[in-house]
Amino acid sequence: MEFEPRDQLLQRQKKLEEIAGLGFDPYPHRFAWKQTAQEIVSAYEQKSAAELQETNVNVSVAGRILTIRLHGKAGFAHIQGQGQKLQIYVKLDAVGAAAFQLFQLLDMGDVIGVSGHLFRTKTNELTVWVEKLTLLTKALLPLPEKWHGLADVEMRYRRRYLDLIANERVRHIFVQRAAIIRYIREFFDARGYLEVETPMMHPILGGATARPFITHHNTFDVDFYMRIAPELYLKRLIVGGIDRVYEINRNFRNEGVDAIHTPEFTMLEFYEAYSDYRDLMKLTEELFARLVKDVSGGMKIKYGEHELDFSHFESLSMREAICKFWPANAGNAPSIDELSTSQGPRSIAERYNNFARGKRLDLIRDLDKSSSGELTGALFEAVAEAHLIQPTFIYDFPTDISPLSKCRKDDPSVTERFELFVEGMELANGFSELNDPADQERRFRAQVETGGAEVPKEVDWDYIRALAHGMPPTAGEGVGIDRLIMLLTDSNSIREVILFPTLRPQKDSDIDAAAASEETK
RNA sequence: AGGGGCGUAGCUCAGUGGUAGAGCAGCGGCCUUUUAAGCCGAAGGUCGUGGGUUCGAUCCCCACCGCCCCUACCA
């Protein structure tokens, strides 16, 4: 072991030997606790000093020492178990000479168990009057600073264990994350959905447009793609008669990393037979409203500077959104009719680019190479997306950017597809699933011809075959769980809601030193 | 990928073209109801790495490494 701070490590190793020398086991195997700190606090925090004295509540509780205040022949400490802090009072007279000697050798970070009774101090803090003190684990490295906690963002992510000990909010976020996901499961289970797990390693790319991670299977001697979406497998299950199905699991996309993107992220995907995208919009509104209520108690949540109101969801077609948020001074505002013509989006994009050049905004690129559907999508992103702060459904996505969605009967240039935006962030994407195998084959072929790293190299014939066996009319949706949790926990980065976010692997001094000591063995 | 910012003691942070400081943690001592405990004492640093400018660089310049923010791609 060659960790920093070297002097404190050595000091603690010395104490460890002293403790062992006194006959105490520094790493015992178990501790017969009777209560958690949480149980003690919730049961007795309302009890007065007199009540505690009368009932003489005996407790046995374990936790990590966060602070120590030694006063000669007595001392206070706070221990923390399951996120709950609890003060203990250790007095020479009460624990005896040997245990007090042990107490004096303890450091912040050590894990201990204490038995005794509850009382209140002069300042009325609920405290354990320790009668028996047991060391449960000696910590050889110190905790971060007790008042400011751990602030260095990089170290918070790399050594999440310290972040969790030092920063209460971090623990709370992951408790909430678990509760939110549990709630989602209950929501779908109650509606007759079956939760499944489908492959993470795919022989053919599909279900989304994204650059994949590629891995290799030795025995088969073939490459697999880490999945970018479970979509095509879940729809095979719809063909197989699992009429309501969902999966909550990781997707992997080999793309940019920023506040709302990370290479592995958690996605909820769900599919229900005999419904269409309108049904899913209703379901989505209900799910989100319930989650918000569960977390906040009301229909509103605070996110950064904004107050987000989930009691009402705005709803706009993509073309409407472009018209609505068309910037002033950007020339003639487009109309729905103009956007619906075959050359409309192109001339509108030109108008936008002329405006953007003057404002030094980013241009819509590849005007000549793009289809009118692609340009409509690009216009939406350029003009409207950032304005969608309050919960807003955008629907009627262009067909050529929606290869898995059903077209509208009255307008084949758009599909029965929607996305939910909050805080300018895409949170959900759902549509009436394309179930015409011939149409699906045409669109897959078109994709393969287009080419590109984010597009499948071959047609997924087994998926087409599944559709040929008949997939009932079905609606399906994906929800970015991490982003949802960002919103519900008022977190400004996706890395705040992922326990061990993907970071560049480190060559830190600790690792180097450890490696060095490995070599010298 | 482009632009901006940051990197100083184990942690949280000051600071300066003349080789560096505080608080906490750690160490020695005092203290039997403290709570960011207190008091006394001592210790702790190749100022991210490598170049350059300079009599002299932690500070100015360049490159690199890492992280953060914004923009672009993407969910």
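Residues numbered from 1 in each chain as written. Chains lettered and ligands numbered in written order. Predicted model: local features only at pLDDT ≥ 70, side-chain atom pairs only at ≥ 80, totals over all residues. Heavy atoms only, no water.

1. Digging into the sheet that holds strand β8 (residues 214-217)
Two strands in a sheet stick together by hydrogen bonds in their backbones, pointing the same way (parallel) or opposite ways (antiparallel). Sheet architecture is open: 3 strands sit in the order β7-β9-β8, paired in antiparallel fashion. Either end of the sheet is taken by a strand with one partner, and the two such strands are β7 (201-202) and β8. Here β7 runs beside strand β9 (residues 222-226); their pairing, made up of 2 bridges, is antiparallel. Residue His 202 lies in a different strand from β9, and its bridge partner there is Tyr 225. (Pairing = 2+ DSSP bridges. Helix = DSSP H or I, 4+ residues; strand = E, 2+ residues; numbered from the N terminus.)

2. Some remarks on the protein's contact with RNA strand B
In the vicinity of RNA strand B, 51 residues are found, and the nearest of them are Thr 123, Lys 146, Glu 255, His 261 and Arg 483. Atoms of RNA strand B within 4 Å of the protein belong to the sugar or the phosphate in 58% of instances, the rest to bases. A distance of 3.1 Å separates a base nitrogen of RNA strand B from a polar side-chain atom of Gln 8. Measuring from a base nitrogen of RNA strand B, one finds a side-chain N or O atom of His 261 at 2.2 Å. Those elements that provide at least two residues to the surface near RNA strand B are α1 (6-21), β1 (58-70), β2 (74-81), β3 (84-91) and α6 (153-158). (Near = heavy atom within 4 Å. Polar contact = N/O pair within 3.5 Å; in protein donor to acceptor, adjacent residues only side chain to side chain.)

3. Description of empty space enclosed by the protein
Evaluated as defined, the whole model comprises 1 cavity of 30 Å³ or more. By volume, the largest cavity amounts to about 40 Å³. Looking at the largest cavity, the residues that line it are Gln 80, Gly 83, Leu 164, Ile 165, Asn 167, Glu 168 and Arg 171. Mapped by element, the contributors of at least two residues to the lining of the largest cavity are α7 (160-166) and α8 (168-189). A breakdown of the residues in the lining of the largest cavity according to their chemical character gives 2 nonpolar, 3 polar and 2 charged. (1 Å grid on protein atoms, 1.4 Å probe; cavity = no way out; pocket = protein on both sides within 12 Å on 5 of 7 lines; lining within 4 Å. Points joined across faces, edges and corners; volume = space filled by probe spheres on them. Nonpolar A, V, L, I, M, F, W, Y, C, P; charged D, E, K, R; others polar.)

4. Thoughts on the side chain of Thr 399
Mapped onto the fold, Thr 399 is located in the loop between β15 (392-398) and β16 (407-408). Note on Thr 399: relative accessible area 16%, which makes it buried. When sequence neighbours within four positions are dropped, the list of residues in contact with Thr 399 reads Cys 407, Pro 412, Ser 413, Val 414, Thr 415 and Arg 443. (Buried < 20%, exposed > 50% of the residue type's maximum accessible area, 1.4 Å probe, protein only. Contact = heavy atoms within 4.5 Å.)

5. So, the packing of helix α9 (residues 231-239) against helix α16 (residues 461-468)
To describe two helices that pack against each other, one gives the angle between their axes and the distance between the axes. The contact between α9 and α16 brings their axes to 9 Å, and the two run at 25°. For the element pair α9 / α16, the angle class is roughly parallel. Pair α9 / α16 crosses with left-handed handedness. Each of Leu 232, Lys 235, Arg 236 and Val 239 in α9 lies in contact with α16, whose residues at this interface are Asp 462, Tyr 463 and Ala 466. (Axes fitted to C-alpha atoms, helices over the stretch in contact; angles between N-to-C directions. Parallel < 35°, antiparallel > 145°, perpendicular 65-115°, else oblique. Left-handed = near helix turned anticlockwise from the far one by under 90°.)

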